[in-house]
Amino acid sequence: MAEDIKLTIIDRDGETHIVDAPTDMGMNVMEVVRAYELAPEGTIGICGGMAMCASCQCYVINGDEVELPEMNPDEEAMLSEAFNVKDNSRLGCQIHIEPSLEGLVVQLAPES
């Protein structure tokens, strides 16, 4: 039976939210942020999770503690054009919720 994992999401106001994310629904970090309404409507996931807008950019705080999926070329290309990019930037829509992400900590990047 699939289990929920705990994610820590730091919103754009700097508030920390510990949320449960289901591993059996094919969701990604951006969709979890939307489901919990941790970013204002219309400011995240604008392209619908196609790696086309970088509105779901987040900073992975503890990438060395979880098994993150490799970045694909579309994500790399989008981040190369985005604002406020850091070494630990990822697109939330490209990080799919899996058991290996238990304990993931991400901070939402500021709106560009």
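Residues numbered from 1 in each chain as written. Predicted model: local features only at pLDDT ≥ 70, side-chain atom pairs only at ≥ 80, totals over all residues. Heavy atoms only, no water.

Going by the annotation in an unreviewed UniProt entry, the name recorded for the chain is 2Fe-2S iron-sulfur cluster binding domain-containing protein, with Myroides albus given as the source organism. Per UniProt, the chain has the following entry under Sequence similarities (unreviewed entry): "Belongs to the adrenodoxin/putidaredoxin family." Regarding the chain, the UniProt comment filed under Cofactor (unreviewed entry) reads as follows: "[2Fe-2S] cluster". (UniProt positions renumbered as here; feature names shortened; annotations may be inferred.)

J.: How would you summarise helix α2 (residues 73-81) if you had to cite specific residues and measurements?
T.: If you check which residues of α2 are buried, you get Glu75, Met78 and Leu79. Projection of α2 onto a plane perpendicular to its axis shows the buried side chains occupying an angular sector of 95°, all on one side. Exposed residues pointing more than 90 degrees away from the buried face of α2 are listed as Pro73, Ser80 and Glu81. For α2, the elements touching its buried residues are β3 (57-60) and β4 (89-91). The distance from a side-chain oxygen at the start of α2 to the backbone nitrogen of Asp74 is 3.1 Å, and the residue carrying that oxygen is Asn72. (Buried < 20%, exposed > 50% of the residue type's maximum accessible area, 1.4 Å probe, protein only. Helix = DSSP H or I, 4+ residues; strand = E, 2+ residues; numbered from the N terminus. Arc of directions from axis to C-beta. Contact = heavy atoms within 4.5 Å. Polar contact = N/O pair within 3.5 Å; in protein donor to acceptor, adjacent residues only side chain to side chain.)

J.: Mind laying out the sheet that holds β3, listing which residues take part and the relevant values?
T.: The sheet built from five strands is open, its strands ordered β2-β1-β5-β3-β4 with mixed pairing. Each of the sheet's edge strands pairs with one partner strand only, and the pair in question is β2 (16-22) and β4. Each adjacent strand pair in this sheet contributes to an overall mean axis angle of 40°, direction not counted. One ladder, built from seven bridges, connects strand β1 (residues 4-10) with β2; its direction is antiparallel. The residue bridging Ile9 from the neighbouring strand is His17, located in β2. (Pairing = 2+ DSSP bridges. Axes fitted to C-alpha atoms, helices over the stretch in contact; angles between N-to-C directions.)

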